[in-house]
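Residue-level structural notes
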Amino acid sequence: MDPLVRVSHLSKHFGSFEAVRDLSFVVERGQVYGFLGQNGAGKSTTLRMLMTLIRPSSGHIEVFGLDLNRHRTEILRQVGAVIEKPDHYGYLSALENLRMAAVLCGIHPTRDKLMQQLEFVGLADRAKSPVRTFSQGMKQRLGIATALVHDPSLIILDEPTNGLDPQGIADIRELIRQLSREQGKTLIVSSHLLSEIELIADSLLILHRGEKRMEGKMSDLLNPAETVVELELEHSSPTDAVLNASDFIQSIDWRGDQQCCVRMAKNRIPDLIRSLADAGVSVYSVRARHSLEYYFLQLTQTETHVGPAVD
Amino acid sequence: MLALLWIELNKIFRRPRTYIAFGAMAAIVWLIQLALYFDGQAYVDLLLSNLSGSFEFSDLFKTQLLNGYLICFVILNTLLIQMPLLVALVAGDAIAGEASQGTLRFQLTRPISRTQLILVKFLASSVYVIALLLWLALLALLGSVLLFGTNDLVVLRSTGIEQMQMDDVFWRYLAAFGFAAVALTTVAALSLLLSVLADNPIGPIIATMSVVIVFTILSEMNIPIYDTTVKPWLFTTHMVAWKGFFYVQADAEGTTIRGSIENLPAVFRSLVILLGYIAFFLGISIYLFKRKDILT
């Protein structure tokens with residue numbers, strides 16, 4: 001384990017509002033670390049604290065083994081970030097914005113080098129256009145170019161696919177993969193969409209109302225042995241008999257008379273359906289979700305819909 | 001630091017709205033010059049009418065009075081009151097404008113310290129102030145001299161008139177413009193401080209003007225208790241001390257002493273007080289900015 005970012009007991013209050021509460025996590029070198037949570041969960045506040053835009057109320061942040069508070073400039077030399085939405089100087093061209101970002105990082109790359117960066121994010125042909133004429137997707141890509149201009153080891157992208165069309169989302173996803181796999185960068189990427197994080201992250205942290213709710217490696221969290229199967233069927237004695245007799249079912253949770261969620265290994269779903277059919281139970285629908293998706297849905301539903309709390 | 005300053009200056013001078021100030025100044029100067037070019041003698045008569053009881057003025061004197069140096073003095077008197085607004089337009093935007101556009105994040109996620117950023121923005125605002133004054137000097141001094149020629153400068157005061165020989169005037173303008181640069185930089189520093197406190201540039205610009213207007217009114221009010229307690233410490237009191245370069249000493253026969261300044265220590269005191277204000281505003285700006293949460 002080679003920790004690049006170590007956050008300990010981080011909290012941030014805005015008056016009486018607690019935006020982040022006692023948050024601790026570790027990001028290892030070379031990882032794509034996903035930050036997942038609804039809007040207002042505390043993702044941006046945490047990332048802003050990592051970028052020293054916000055002062056923590058308490059807690060400690062260490063990056064590259066250095067205290068962020070004491071070695072801010074030294075650390076930021078190796079960090080590139082796009083926080084919330086990428087904002088640039090609209091009256092300047094993409095090339096000028098990129099050059100400005102480079103100078104702010106203390107480097108003076110040649111025009112060719114800058115053009116290469118724009119080429120990497122697919123903006124070389126618009127290098128001289130004023131940024132105010134760019135679409136949201138182009139601004140997002142320019143934001144990533146400005147974050148990468150000084151070749152940082154750690155890249156922080158806050159909701160990088162926000163406001164993008166499907167092609168734009170796919171492009172950014174591919175860019176993140178490239179940065180991670182081909183260039184060995186460490187990335188912290190936040191999103192409110194599990195489907196996005198799932199496709200790019202090696203590790204995941206779920207934030208909810210400023211608190212950490214789940215953390216782990218995606219390979220563990222997406223373990224097929226931990227699948228939640230949502231069944232739509234009659235709640236009757238034969239149904240109970242089958243479910244209770246199936247030793248591969250880890251837990252049973254009835255939601256009303258016709259909906260039941262069971263936790264089990266994915267490869268045993270055919271056995272369950274067969275047993276129910278043999279017992280004469282009518283099954284109207286079967287939907288398998290991995291436990292992470294189920295957990296996240298429960299978390300978001302408690303916020304927006306009527307439903308049982310998970311914790 | 002120089003590279004950062006280059007960036008700030010690039011931002012200021014690449015923005016079209018920066019040139020509104022330059023355009024507005026040119027318009028005012030040209031309107032004054034135009035009016036005086038066609039109807040200058042009436043203006044001179046009006047100026048001298050207050051003194052006609054105690055002095056006799058020949059027609060030659062009246063003709064010579066209206067020259068480039070006098071017109072520049074008139075313009076400075078008029079414009080140096082309005083210029084704080086033009087300075088606030090840029091300095092008030094320095095932090096709050098970037099915060100409202102989100103570009104403050106662009107800067108603060110880079111490896112530069114907040115102290116550096118404030119200092120660079122202050123320096124850039126100072127360069128803008130100097131550029132404005134150079135523009136004013138070009139239009140008001142050079143333009144008026146070319147249009148109206150040069151002659152002795154006569155400045156009217158409540159106590160009488162001050163007359164400076166033609167070849168004893170130019171350096172006074174250089175000193176006055178230099179002093180005005182410090183005075184307007186004080187306004188820039190105040191505006192920058194207010195900009196740190198806001199996330200929208202309109203607030204700091206209006207607040208700067210409000211402070212300047214209130215302080216100017218207090219400076220001009222004739223209330224004895226304020227004369228010794230409040231007025232000496234208001235920066236607006238000292239902003240007009242540039243006029244001191246045009247108040248001269250006279251010998252026993254009443255002849256103006258070349259190169260003299262009536263009360264040089266008072267001018268220096270004003271300069272020191274203004275520099276003190278700049279340091280104070282800048283220090284508070286740095287202190288607050290280092291603790292500011294960037295939420296925009």
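Residues numbered from 1 in each chain as written. Chains lettered and ligands numbered in written order. Predicted model: local features only at pLDDT ≥ 70, side-chain atom pairs only at ≥ 80, totals over all residues.

**Let's talk about the nonpolar core**
Heads up, the rule is: To define a nonpolar core, we join buried Ala, Val, Leu, Ile, Met, Phe, Trp, Tyr and Cys residues through C-beta atoms within 7 Å and take the resulting set. Burial is judged by counting the other C-beta atoms within 10 Å of a residue's own C-beta: 20 or more makes it buried, 12 or fewer makes it exposed, and any count in between marks it as partly exposed, with every C-beta position built from the backbone. Think of it this way: build a C-beta for each residue from its backbone, and any pair within 7 Å is a contact.
Counting 154 residues, the largest nonpolar core has Ile156 of chain A together with Val87 and Leu192 of chain B as the members making the most contacts within it. The residues touching Val87 of chain B, leaving out its near neighbours within four places in the chain, are Val129, Leu184, Val187, Ala188 and Ser191 of chain B. Listed in part, the twelve residues of the second largest apolar core include Leu243, Val262, Leu276 and Tyr294 of chain A.

**Things to note about the pairing of strand S2 (residues 160-164) of chain B**
This is how the line gets drawn: For two strands to be treated as a pair, DSSP must find at least two bridges joining them. A helix here means a DSSP run of H or I that spans at least four residues, while a strand means a run of E at least two residues long, and both kinds are numbered starting from the N terminus.
Note: strand S1 (residues 153-157) of chain B against S2 of chain B, five bridges, orientation antiparallel. Of the residues in S2 of chain B, the one forming a bridge with Leu156 of chain B is Ile161 of chain B.

**Topic: the domain arrangement of chain A**
Residues and elements named next belong to chain A. Put simply, the rule is: Marked domain ranges trace back to an automatic or database domain assignment. Classification convention: Asp, Glu, Lys, Arg as charged; Ala, Val, Leu, Ile, Met, Phe, Trp, Tyr, Cys, Pro as nonpolar; all other residues, Gly among them, as polar.
Assigned domains within chain A: domain 1 (3-221) and domain 2 (227-304). Computed from C-alpha coordinates alone, the two centres of domain 1 and domain 2 are separated by 39 Å. For the side of domain 1 that touches domain 2, the secondary structure elements donating two or more residues are strand S9 (203-208) and strand S10 (211-217). Along the lines of polarity and charge, the residues of the side of domain 1 that touches domain 2 split into five nonpolar, two polar and one charged.

**Describing the interface of chain B and chain A**
Contacts between chain B and chain A engage 20 residues on the former and 22 residues on the latter. Elements with a contribution of two residues or more to the side of chain B that touches chain A: helix H1 (2-14) and helix H6 (103-108) of chain B. Sort the elements by how many residues they give to the side of chain B that touches chain A and H6 of chain B lands first, with five residues. The residue inventory of the side of chain B that touches chain A, partitioned by class, reads seven nonpolar, six polar and seven charged.

**Some remarks on the environment of Gly68 of chain B**
Residues and elements named next belong to chain B. Position of Gly68 among the secondary structure elements: in helix H4 (residues 68-91). Classification of Gly68 as buried rests on a count of 22 C-beta atoms within 10 Å. Remark: the alpha-carbon pair of Gly68 and Ile278, spanning 210 residues in sequence, is separated by 33 Å. Discounting chain neighbours no more than four positions away, the residues touching Gly68 are Ser144, Val145, Leu147, Phe148, Gly149 and Thr150.

**Re unusual backbone geometry**
Generally, phi is negative for residues other than glycine and the peptide bonds are trans, each holding for most cases. All names here are of chain A. Of note in the backbone geometry, Phe64 takes a positive phi value of approximately 55° without being a glycine. With a phi angle near 55°, Asp151 is a residue other than glycine that sits in the positive phi range. Within the secondary structure layout, Asp151 lies in the loop between helix H5 (136-148) and strand S7 (154-158).

**Section: H4 of chain B**
Selection rule: A residue's bend is the angle separating two fitted axes: one through the seven residues that end there, the other through the seven that start there.
Along H4 of chain B, the sharpest kink reaches roughly 40°, centred on Leu80 of chain B and followed within four residues by the proline Pro84 of chain B. Among the 24 residues that make up H4 of chain B, 18 are buried, leaving the element largely enclosed by the rest of the structure.

**Considering the sheet that holds strand S2 (residues 17-28) of chain A**
Residue and element names in this part refer to chain A. Pairing in this open sheet of four strands is antiparallel, and the strands run S2-S1-S4-S5 from one edge to the other. The two strands at the open ends of the sheet, each matched to only one other strand, are S2 and strand S5 (66-67). Where strand S1 (residues 3-14) and strand S4 (residues 58-63) come together, five bridges link them in antiparallel fashion. Its bridge partner being in S4, Arg6 is matched across the sheet by Glu62.

**Some points on the pairing of S2 of chain A**
The two faces of the sheet receive side chains in turn, since in a regular strand these alternate between them. Residues and elements named next belong to chain A. Pairing of S1 with S2 involves eight bridges; the strand directions are antiparallel. When the sheet's bridge partners are listed, Val7 is paired in S2 with Phe25. What sits between the antiparallel neighbours S1 and S2 is a turn of two residues, in which Gly15 has the positive phi angle 65°.

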